[in-house]
Amino acid sequence: MALIPDAVERLTAEFGRLPGIGPKTAQRLTFHCLRASEESVSRLALALRDLRSSVRPCSRCFFIADGDLCAICARGRPDDGVLCVVEEALDVLSIERSGEFHGLYHVLEGSISPIDGVGPDQLRIAELVRRLQGGAVTEVVIATDPDVEGEATAHYLAERLAPLGLRVTRLAHGLPAGADLQYADELTVARAFTGRREF
């Protein structure tokens, strides 16, 4: 006879599949659901069902939307001649929180990773090129992650977009605010020196 009921094991396993959730956290979440009121658990189940049924990628930029276009594409932006290319929808939220960017976005839905079998054809690069051929965009800011896959994606995009005659820029990389220099890796320090500016 099993110590843990199947329903508990199944929910724990599902929580454990979520990014950043380890086995102990998955177990804590499951037991929280057991202790929570029926109403609370029903709200969670309904929110998950609604998420899957009503939210989809924007047909233009592939950010999240509850209609054909996301809120950013539907309203337009002051700097709509500048397009920021990111890997994931979460990256849009990070950039928006900074308050520094007022242009449009394009979400690739990943990065080039030959080890994982992800090439340019698995990303939203063809849609990006078609979008840029309209002529409204004058600058593309590549804001992929500063890891191996992100750098490979950035270089591929720069080469692919060069024939379009657009200004293609890359976000600067360097030391994060509040970081200790002694804990920074060599690549981060090198980028900090390369991207240095007048004080």
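Draft legend 1. Inspection of the environment of histidine 106 at higher detail. Assignment of secondary structure puts histidine 106 in strand β4 (residues 104–107). Excluding its chain neighbours within four sequence positions, the residues that come into contact with histidine 106 are Arg60, Cys61, Phe62, Leu83, Cys84, Val85, Val86, Arg124, Glu127, Leu128 and Arg131. A polar atom in the side chain of histidine 106 sits 2.8 Å from the backbone oxygen of arginine 124.

Draft legend 2. Molecular detail of the packing of aromatic side chains. Inspection of every chain in the model, using the stated rule, returns 1 aromatic pair. Each ring, one from phenylalanine 101 and one from tyrosine 105, has its centre 5.2 Å from the other, and the planes form 65°; the classification is edge-to-face. Residues phenylalanine 101 and tyrosine 105 agree in their burial class; the two are buried.

Draft legend 3. Examining the sheet that holds β4 more closely. Read across the open sheet, the 4 strands follow the order β4-β3-β5-β6; overall the sheet is parallel. Each edge of the open sheet is held by one strand with a lone partner, namely β4 and β6 (167–170). Averaged over neighbouring strand pairs, the angle between their axes works out to 25° when direction is ignored. Where strand β5 (residues 139–142) lies against β6, 4 bridges are found, and the strand directions are parallel. Of the residues in β6, the one forming a bridge with valine 140 is valine 168.

Draft legend 4. Structural view of the environment of valine 141. Of note, valine 141 is situated in strand β5. As for valine 141 and leucine 51, which are separated by 90 residues in sequence, their C-alpha atoms are 30 Å apart. Each residue touching valine 141, except ones within four places of it in the same chain, is listed here: Val82, Leu83, Cys84, Val85, Thr169 and Leu171.

Rules used in this analysis
Residues numbered from 1 in each chain as written. Predicted model: local features only at pLDDT ≥ 70, side-chain atom pairs only at ≥ 80, totals over all residues. Heavy atoms only, no water. Helix = DSSP H or I, 4+ residues; strand = E, 2+ residues; numbered from the N terminus. Contact = heavy atoms within 4.5 Å. Polar contact = N/O pair within 3.5 Å; in protein donor to acceptor, adjacent residues only side chain to side chain. Phe/Tyr/Trp six-rings, centres within 6.5 Å; stacked < 30°, edge-to-face > 60°. Buried < 20%, exposed > 50% of the residue type's maximum accessible area, 1.4 Å probe, protein only. Pairing = 2+ DSSP bridges. Axes fitted to C-alpha atoms, helices over the stretch in contact; angles between N-to-C directions.

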